[in-house]
Amino acid sequence: MKCFRMRGKKGCEHFDSADPPRRRANKRRGRGTYANDRPPVVGTVGRQSGQVRLRVVKDTKGETLVDHVHRFTLAGSQLYTDEYQSYNHVIRPHATVSHGDKEWARDDDGDGIREVHVNTAEGMWTDVRNFLRMFKGVHKKNLSGYIAICEFRRNVKRISPDFISALVTLHTFDP
């Protein structure tokens, strides 16, 4: 005997316009903002040092990104980004890869090494997502704390027992 339980057929149209299908936050179209409950996290990572700086921000407009880059990078540092227009006003040596043209890495100086890429940052975002996944959802008011722990973890490469004890002693519980 076979069990023919089907919870819903994939690809079936949803005909009731008064009851639209549910869309989870990450499947919504457009960029996230703090106001629409998809707070963006911006980050920089040094290729040689490996140091990471992550911050939860209200939006990803040019002013916000330029402020973050100028705050957490040294003047004269080479900046590698994708073609997002908000990076255009950063005052740093700047090279971009054009994902829209299916370009993922580029060799600008002809030495055979593709130095223009954002793979270091993409790897960092994979680490951030994997860190947050174990919590099965984080409220936007608490996200900055989780991001701070993730940044610290990435910068020291491990969480030591001393760090955990210091974190626990700082936490107070008032019933």
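Quick look at the structure, then. As the structure is a computational prediction, the values presented were derived from the model and not from experiment. (Residues numbered from 1 in each chain as written. Predicted model: local features only at pLDDT ≥ 70, side-chain atom pairs only at ≥ 80, totals over all residues. Heavy atoms only, no water.)

Details of the overall build of the protein
Stated precisely, the cut-off is as follows: Secondary structure elements follow DSSP: runs of H or I no shorter than four residues count as helices, runs of E no shorter than two count as strands, and numbering proceeds from the N terminus. We call two residues in contact when some of their heavy atoms are within 4.5 Å. In short, Shrake-Rupley with a 1.4 Å probe defines the accessible areas, and a residue's cover is counted only from the protein chains shown.
Counting its regular elements, the protein contains 4 helices and 6 strands. Traced from its N-terminal end to its C-terminal end, the protein shows the element sequence β-β-α-β-β-β-β-α-α-α. Put simply, 33% of the contacts in the protein that link residues at least 6 apart link residues at least 24 apart. Counting only carbon and sulfur atoms, one obtains 52% of the accessible surface of the protein, whose full area is about 13,600 Å².

Examining helix α3 (residues 143-156)
We count it as follows: To estimate the expected span of a helix, subtract one from its residue number and multiply by 1.5 Å.
Over its 14 residues, α3 extends 20 Å from the first C-alpha to the last, a length consistent with the 20 Å expected when each residue adds 1.5 Å. Buried positions along α3 lie against β1 (41-45), β2 (52-56) and α2 (119-133).

Remarks on the pattern of salt bridges
Inclusion rule: The salt bridge criterion pairs a side-chain nitrogen of Lys or Arg with a carboxyl oxygen of Asp or Glu, the two atoms within 4 Å. The classification of residues rests on relative accessible area computed with a 1.4 Å probe and restricted to protein chains. Under 20% of the type maximum is buried, over 50% is exposed, and intermediate values are partly exposed.
Enumeration over the complete set of coordinates arrives at 6 salt bridges. Glu151 is the salt-bridge partner of Arg55, the closest N and O atoms lying 2.7 Å from each other. Here Arg55, found in strand β2, pairs with Glu151, found in helix α3; they are 96 residues apart in sequence, far enough to count as distant. Residues Arg106 and Glu103 are paired through a salt bridge, measuring 3.0 Å at the closest nitrogen-oxygen approach. In this structure Arg106 comes out as partly exposed when scored by relative accessible area, which is 23%. Overlapping salt bridges bring together Arg53, Arg55 and Glu151 as one network.

Concerning the packing of aromatic side chains
In plain terms, the rule: Within 6.5 Å between ring centres, the rings of Phe, Tyr and Trp (the latter by its six-membered ring) count as paired, and their orientation is classed by plane angle as stacked under 30 degrees, edge-to-face over 60, tilted in between. In this analysis the charged atom, NZ for Lys or CZ for Arg, is taken to sit over a ring once it is within 6 Å of the ring centre and within 35 degrees of the ring normal.
Counting across every chain of the model gives 3 aromatic pairs. Between Tyr84 and Tyr87, the aromatic rings sit 6.2 Å apart at their centres with planes inclined by 80 degrees, giving edge-to-face as the arrangement. The interplanar angle of 70 degrees and the centroid separation of 5.5 Å between the aromatic rings of Phe131 and Phe135 together place this pair among those described as edge-to-face. What makes Phe131 buried here is its relative accessible area of 7%. Assessed through its relative accessible area of 32%, Phe135 is described here as partly exposed. Cluster of aromatic residues (ring-pair linked, three or more members): Phe131, Phe135 and Tyr146. When the ring centre of Tyr34 is taken as reference, the NZ or CZ atom of Lys58 above it lies at 4.6 Å.

Observations concerning the environment of Arg114
One can find Arg114 in the loop between β5 (105-106) and β6 (116-117). A relative accessible area of 57% means that Arg114 is categorised as exposed. For Arg114, the contacting residues outside a window of four places in its chain are Ala105, Arg106 and Asp107.

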